[in-house]
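An overview of the molecular structure
What follows is the residue order along each chain.
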Amino acid sequence: MIDPPAVAVADPTSPGPGPEHEHEHPPTLVAPSPAVPGKQQWGRVLICGGTNWLALGKKGLPVDPDSPDLASPHTLRSLSNVKATGVYTSHSACHAIVIDVAGAAYLFGRNASSCLGLPTSTSPSISHRSPRRLLPSELGAPGGTKFTHAAVGRNHSLLVGDDGSVWSAGQNAHGQCAQPAGGEVGGFRLIGGGWARGKQREKAVFAAAGVNFSLVLTESGRVYAFGSGEHGQLGNGRTGERIAQANKTTYDVEDDPVLIKGPLEGKKVVQIACGQQHAIALTMDGLAYVWGFNGYCRLGLGHQKDVLLPTLVPQYAGANPLTRAAFVAAGPTATIVIDRQRMLQMAGKFKTSGAGSVGQPFTTFRYFAEIQGCKMLLASAGGVTHFATADDDDSSGTTGVMTIAWGQNAINSELGLGEGQPKSTPKPVRVETLNGIDVLALAAGQNTSFFLARPNEALGELPRFPETVPAPNLCVVCDEDREARGEEALECEKCDTPYHLGCLDPPLEGIPEGQWFCPKCEREFVEVVLPLPVPGGKKPVGGKEEEPKKRGRPAKRKAEEDSEPERKVKVKK
Ligand SMILES: [Zn+2]
Ligand SMILES: [Zn+2]
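Residues numbered from 1 in each chain as written. Chains lettered and ligands numbered in written order. Predicted model: local features only at pLDDT ≥ 70, side-chain atom pairs only at ≥ 80, totals over all residues. Heavy atoms only, no water.

Under an unreviewed UniProt entry, the name given to the protein chain is RCC1/BLIP-II protein, and the organism recorded is Calocera viscosa.

A closer look at the overall build of the protein chain
Looking only at helices and strands, the protein chain features three helices and 35 strands. Burial status across the protein chain gives 57% buried among its 573 residues. A separation threshold of at least 6 residues defines the contact pool for the protein chain, and within that pool the share at least 24 residues apart is 60%. Of the roughly 23200 Å² of accessible surface on the protein chain, a fraction of 52% belongs to carbon and sulfur atoms. (Helix = DSSP H or I, 4+ residues; strand = E, 2+ residues; numbered from the N terminus. Buried < 20%, exposed > 50% of the residue type's maximum accessible area, 1.4 Å probe, protein only. Contact = heavy atoms within 4.5 Å. Areas by Shrake-Rupley, 256 points an atom, 1.4 Å probe, with all protein chains shown as cover.)

Focus: the pairing of strand 1 (residues 44-49)
Within strand 1, six of the six residues are buried, which leaves it mostly tucked inside the rest of the structure. Pairing geometry for strand 1 and strand 31 (residues 448-454), over six bridges, is antiparallel. Of the residues in strand 31, the one forming a bridge with Ile47 is Phe450. (Pairing = 2+ DSSP bridges.)

Comments concerning the packing of aromatic side chains
Summed over all chains, the structure comprises 13 aromatic pairs. Measuring from centroid to centroid gives 5.0 Å for Phe350 and Phe362, while their planes differ by 80 degrees, and the two rings are edge-to-face. Residue Phe350 is located in the loop between strand 24 (344-348) and strand 25 (362-367), and its partner Phe362 is located in strand 25; the two are separated by 12 residues in the primary sequence. The exposure class of Phe362 is buried, given its relative accessible area of 5%. Through successive ring pairs, a cluster of aromatic residues spans Phe350, Phe362, Phe368 and Trp406. Stacked on the ring of Tyr296, the Lys or Arg Lys349 has its end atom at 5.9 Å from the ring centre. If you follow Arg366 out to its NZ or CZ, it ends over the ring of Phe362, 4.1 Å from the centre. (Phe/Tyr/Trp six-rings, centres within 6.5 Å; stacked < 30°, edge-to-face > 60°. Lys NZ or Arg CZ within 6 Å of the ring centre and 35° of its normal.)

A closer look at the coordination of the zinc ion (ligand 1)
For the zinc ion (ligand 1), the full set of protein donor atoms is Cys475 (SG), Cys478 (SG), His500 (ND1) and Cys503 (SG), at a range of 2.2 to 2.3 Å. Relative to the metal, the four donor atoms surrounding the zinc ion (ligand 1) lie at angles of 91 to 118 degrees, and the coordination shape comes out tetrahedral. (Donors = N, O, S within 2.8 Å, 3.2 Å for Na, K, Ca; no water. Tetrahedral: all angles 85-135°; square planar, octahedral: opposite > 155°, others 65-115°.)

Digging into the sheet that holds strand 1
With mixed pairing, five strands are arranged side by side in an open sheet as 30-31-1-2-32. Of all strands in the sheet, those bounded by a partner on one side alone are strand 30 (438-444) and strand 32 (464-465).

Brief notes about the nonpolar core
Soluble globular proteins: nonpolar side chains tend toward being buried together. Counting 42 residues, the largest nonpolar core has Val45, Leu79, Ile97, Val98, Phe108, Leu159 and Phe450 as its most contacted members. Setting aside its immediate chain neighbours within four residues, Phe108 contacts Trp53, Leu76, Leu79, His95, Ala96, Val98, Leu116, Ile126, Ser127, His128, Pro131 and Phe450. Core analysis: the second largest hydrophobic core is formed by 40 residues, Ile338, Phe350, Ala381 and Leu417 among them. (Core = buried A, V, L, I, M, F, W, Y, C linked by side-chain atoms within 4.5 Å.)

Comments concerning the environment of Ser78
Examined against the element boundaries, Ser78 turns out to sit in the loop between strand 2 (70-76) and strand 3 (84-88). Owing to a relative accessible area of 7%, Ser78 belongs among the buried residues under this scheme. With 49 residues separating them along the chain, Ser78 and Ser127 place their C-alpha atoms 9.7 Å apart. At 2.5 Å, the side chain of Ser78 forms a polar contact with the backbone oxygen of His128. (Polar contact = N/O pair within 3.5 Å; in protein donor to acceptor, adjacent residues only side chain to side chain.)

Okay, structure coming up:
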C-alpha cells in the first residue's frame, strides 16, 4: 500500500460522522486519489536492497556483480526520466511495477509464474536496467486508456486502468488472477467477472493482492475477492474445507470475483491491504475491518482464530472520530493502522525476538514508543521491513518529510540505512540516507525497497543505479573536445551522453536548472503515447522540467574522473 495520505490526513479535527450517518456524506475520500493540494504528484523511483531478482530469498546462488545489494536508496537510472505516480511491490514479491503520468506501466524483477505478463520460460526475469513498458492499448483497451494503479502478490500481478478495468497475470492455481483456476496466466488478461459484469458493471479503482488471493475495490467502495478461501481470505464466511480424497483436504477456490458482504455491506471502503493470507479494509468513516488467517493474532483482535467475515477492529470503532483509523497496511504476518491522530500501530508478528515476535506477538494494535510523537503519513511493510513517512519537525529539513524504518533479519540492506550501518534494527529509526528527500510513496518488497521522491536538490545528490553506463566521452553532436576553449558540455542524467550547450537544438545559454535529459532520453517514453513531433519542427530540449534547483550534470566531471589522458570516443558518427 503506497498511496498518498489523502485518506490519512483527511480532516482529523472535524467531527466525523458516526456509522449511522455513513450514507449521508458524499464519497469525498477515495483511496487512489493522490491529491495533496499544491504538491507535485509524481516522483522519481528510488531503490535499495536486493536487486539479484532470481537469487533473492534463495540460498547458494552465485553473486552477480551487476545486481548488488544497494545499501542506501539509489535513483533507478533506467526509469530516471519517468515521472512516476506509483510504485508497487509486496512483502512477498521479488518484482515491481511502476506507473507513470502517461499511464504506462513498467515491470521488472523476478518473473515467477509469468507474473510480469511474459512466459517465464523465455523471460525468467526482467532486468531493472530495461523494465518492460506496457500500455493498456497493448492489452486491447481503447487508445488513451491509462493504467492508474497496480497490485503485486507473490507471483501474480494486477493492473488497474482509468476505465475501471483490471488485468491480471501470473500464478493462478487458486484463481487469484480471476481467470479459470489452475496453472498460471502467461500474459495480462482482462478480468471479466464480478464488478465488471452485466448491469452491475462498476469501475475498479484499486487492488490489493496476497499470496493466493486478491481484492479489488470499486468506485462505490465495494470490495470483491477472488482466490483461495482456505483461511477465510475471501471474507465470505466460509473456507469450504472438505475432504476431497483420503487424507486430502481442499478449500473453496473462487476464480470469479465475489462481492464481500456481511459487515461490509453498505459500507464505503476507501482503502484495502493484503498480508499473505489476511486482509484489512478501511471505510470512509475510519472503521477498520479485518479477515483471513489470524496466526500470531495478526488481525489485532486478541485471538488467533481465523476470521471468515470482515470483523470490526474495536480499537478504531469508538465514538470519538480521532480514535478512528486513517490508513491501513499489511505485512506478511502483521497489520498496520495509522489512526486519525496519525499514530502508527501494529498487530501480529513482525520481529524475530522480543515483543512482536513469535513468542510475544502484539495481540492487539500497539504503538511504538520511539515514534509515538511522530505525525505519521504513510506506511508499507516488506518481507521483514517496515517503512513509514512522517512530518519532519527538524527545522533544518527542507521537505517536511522524514522516512522511518525498522525490521529484524534484513539481509539485503533493504532498510537502506547506508554503507557501514546495521542491516537490521528492531526499533524504528530515521533513515538518514533519505534526509532531505521528499518521499511521496513507499513500496516495501520481500528483499527490496522502493520509494518515489519528488525532484529536489537532495534527489540529485543521490547515487544512481547502476552507477555507470557506457557512454561516449565527447559531445555526440560535434565529436570534438572543446574544453580548452571553455565550452561546457552537459551530461544526460540517464544515459551520461555529453552535449555541448551550443550543439543542442536549440542551443542552451547555460547549464539548466533541474535534472537534464538529452533529446533522446526526453523522447524515450513519450513517442508511444503522444503524437510524434512534426518532422523538422523544433522541439525544445532540456532544462524545462518543472523541477527546481538541481544543476544539470556538467560533463566535465566525467573528464576529471577519467585517469586516461587520451579519451576514447566509444560512439562514432
Ligand atoms: Zn558539441
Ligand atoms: Zn540521455
